[in-house]
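Observations on chain architecture
Chain by chain, the residues:
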Amino acid sequence: MGPAGTGPATAADSDVLRRVDDEARERRWSLNTRRRLAAAWHAADDGGDADAHSATLAPERVAAAVADVVAQALREGPAPLVPDPTDARTEDAHDLPVGRRPPSQLGVVQLTGVVARRLLRVGGER
Amino acid sequence: MSDLLLPEGVRLVHVGPPKTATTSLQAAFHAARPKLEQHGVHYAGSRRHEMLAVVAAVGGRGFLGGPEPDLSAWKALLADMEAAGSQRVVLSSEYLAQARLPKVERIVDEIGREQIHVVLTLRPLDRLIPSQWQQYVQTGYDISYDAWLREMFSDTPRKGLTPTFWVRHRHDELAERWADVVGADNVTVVVLDPRDHELVLRVFEELVGLPAGLLELQEDLSNRSLTLGEIEVVRDFNRLYREAGWPSSAHFHYLRNGVVNELRTRQPGKDEAKIVTPPWAQDRVAALTETMVANLWKSGVRVVGDLDTLVAPPAPAGAVEQPDSARRVSPEVASLAMIGAMAQTGEPKVDARRVRGWKPVDDYTTRELAGLLRRRLTERRSKS
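In what follows, the accompanying structure is described. None of these values were measured; they are calculated from a predicted model.

1. Considering the overall build of chain A
Each helix and strand in chain A was counted, giving four helices and zero strands. In chain A, the succession of helices and strands from N to C terminus is α-α-α-α. Here chain A holds 126 residues, and 43% of them are scored as buried. Restricting the contact set of chain A to residue pairs at least 6 apart, pairs at least 24 apart contribute 49%. Of the accessible surface of chain A, which amounts to about 6,500 Å², a share of 50% is contributed by carbon and sulfur atoms.

2. Here's the deal with the pattern of salt bridges
Under the criterion given, the structure shown has 32 salt bridges over all chains. For A:Arg19, the salt bridge identified is with A:Asp15, shortest N-O distance 3.1 Å. Of this pair, A:Arg19 and A:Asp15 both sit in helix H1 (residues 11–26), four residues apart, which is roughly one turn of the helix. Each member of the salt-bridge network shares a partner with another, and the members are A:Glu60, B:Glu232, B:Arg235, B:Asp324 and B:Arg327.

3. Here's the deal with the packing of aromatic side chains
Residues and elements named next belong to chain B. Under the counting rule described, the total for this entry stands at twelve aromatic pairs over all chains. Taken together, a centroid distance of 5.4 Å and an interplanar angle of 15° make the contact between Phe29 and Tyr43 stacked. Remark: Tyr43 occurs in strand E2 (residues 41–43) and Phe29 occurs in helix H1 (residues 22–31); sequence separation between them is 14 residues. With respect to class, Phe29 is no different from Tyr43; both count as buried. Ring centres of Tyr136 and Trp148 lie 5.9 Å apart, and the angle between their planes is 55°; this geometry places the pair in the tilted category.

4. Looking at the sheet that holds strand E3 (residues 88–92) of chain B
Residues and elements named next belong to chain B. Spatially, six strands are ordered E2-E3-E1-E4-E5-E6 in an open sheet, and the strand pairing comes out parallel. The open sheet has two edge strands with one neighbour each: E2 and strand E6 (302–304). Direction aside, the axes of adjacent strands within the sheet are offset by 20° on average. Relative to E6, strand E5 (residues 187–191) is paired through three bridges, and the arrangement is parallel. Bridging from a neighbouring strand, Val190 pairs with Val304 of E6. Along the sheet face, H1 touches strand E1 (11–14), E2, E3 and strand E4 (116–122) and points at about 120° away from the line of E2.

5. With respect to unusual backbone geometry
For the peptide bond that leads from B:Gly16 to B:Pro17, omega is 5°, which places it in the cis range. Unlike most non-glycine residues, A:Arg28 shows phi in positive territory, near 60°. Residue position: A:Arg28 is located in the loop between H1 and helix H2 (31–43). A positive phi angle, near 70°, is found at B:Ala21, a position not held by glycine. Mapped onto the elements, B:Ala21 comes out in the loop between E1 and H1.

Scoring rules and cut-offs
Residues numbered from 1 in each chain as written. Chains lettered and ligands numbered in written order. Predicted model: local features only at pLDDT ≥ 70, side-chain atom pairs only at ≥ 80, totals over all residues. Heavy atoms only, no water. Helix = DSSP H or I, 4+ residues; strand = E, 2+ residues; numbered from the N terminus. Buried < 20%, exposed > 50% of the residue type's maximum accessible area, 1.4 Å probe, protein only. Contact = heavy atoms within 4.5 Å. Areas by Shrake-Rupley, 256 points an atom, 1.4 Å probe, with all protein chains shown as cover. Salt bridge = Lys/Arg side-chain N within 4 Å of Asp/Glu carboxyl O. Phe/Tyr/Trp six-rings, centres within 6.5 Å; stacked < 30°, edge-to-face > 60°. Pairing = 2+ DSSP bridges. Axes fitted to C-alpha atoms, helices over the stretch in contact; angles between N-to-C directions.

In C-alpha cells:
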C-alpha cells in the first residue's frame, strides 16, 4: 500500500510505488510529497494500457505521471520537499521511532529520557 | 616523432560531428588541463565543452528553455586561443559541424586561417543515427523514429524539422565544406574504432605532441544515450508539454535537468531494447554511406583509420521491424522519471538545510544531546 492509501493494481504498479516511496524516504521527502508522487502515478492510469498485467509499463503512462507532477509544480510554484524539522506539528515524525527522530521533534521529557537511558546503560561513554 | 604531429602554434579545431566520442575526448582534455600546459598544449576555454560560445558562433539555438548562446563567450574563447601564443591549441565542439559555409569562413578567419587544422571524428552513420534522433527528442521533438527517418530521407523533408541533421551528418560534405576553406591538406579525418575507445585519444595525443597515455577516458554516465523505452517516455512527455502550452523553461527545468538527468544515473541492462533502425532505412543508410566514403576517398583529406569501415551494411534478409512492446519500460525507469521531475519542484537550499536538520537522535553523542537538553531547559527557565 502506498502512502496515498490506494492499493496497487498490478505487480508493476506496486513496484513503481515501492521504488518511488523508497527513494523519496531516502531523500527525506515529506509524507505530503510522497502522497503527491503516488497520486500522480494513480492519476496517470487511464486504463488504456493493453498489457496491464505485464511487468513492464507503457511509456505513455510514465509520461503522464511526470506531466502530472510538472503541472502541479507549475500551478503551485516551488516548495520544499523535505519537512521542516523544527515544526513541532509535522506529521512526518509520527511514524518514526524516537531514535530516528531529530532532537527538535522530541519534547524535553523525551530528550531527558534518551539521555538518562544512555547514561544508565553505558555510563555516558559515547 | 609521429607523422601526425601538427606544427607548433597550430589551432586544432575538432568539429565532431555529434555522436562521435566528442564528449569523452573533451572530458579527457579537460581533465588533463594542468598536464597539457607542461607539454605546450592548451585546451581552449575553461569548461569541458564551451557549447554556448560555439553555438553562438555557428548561429545556432540553445536547448529548449535553456541558457541562450552567447557571442561574447565566443569572443572570450577566441581571446583565450589567441593568448596561447605558440602553444598548440585544441578547440573541440561538435556544434562546429552545423556551421554552413559562410559561418565556416568567418570562424576560420576569426581563429586565424594560417594556423588552423581541422579534425573530424567519424563513425558509421548507421550507428549514430538512432543516437542522434534520441538527442533531438531530448530537445523537445515528439516525432517517432520511423517518421523522422522518413522525413530525413525524403526529397522534401518537413521544413524546420531537425534542419541541422544532414549539415552535421553528410560527412563527405562536412569534410569538403571545411576543406574548401582551409585546404584539404589541413583536414584530418579520424575513423573511430568501435573495439578500441581509447584509440581516438592516442591519435589526438599524436596530433598535438602529447605523451601516449596522458589523455584518459573519464568514467561518466551523464552523456549516455537513452534507451528506446526511456526516450519514448521523453517523447510522450514532449507531446503533453506541447499540448499543455507550458513555457519552454519548464521543459529544460523538469525534463532535461530532472527526468533525463535522473534516468542517466542508471546503467541500462544489456537486455534492454535499443533504438533499432527499420530495415527500409538501413538500406538507405547503406547506400548513402557508400557514396559518402567514396567522396571522402576522393577529397584529398588526410585519413587516420579505415574509411571503408564507415560503409554500413544493408538490412539482413528477413529483417523485421522492432515490435511495439520494445517501447515498454521497467518500474525502475518509471520511478526514476517521476523522482527526477519531483526533485525539480523543490527548493534545493531549503531542502539541503532541512535534511541536515533531520539528523536522528541516535546519530548524536550523549554529550551533544546533554548540551541540547541543557539549552532547552535554560530557554524554558528564561521564558518562565
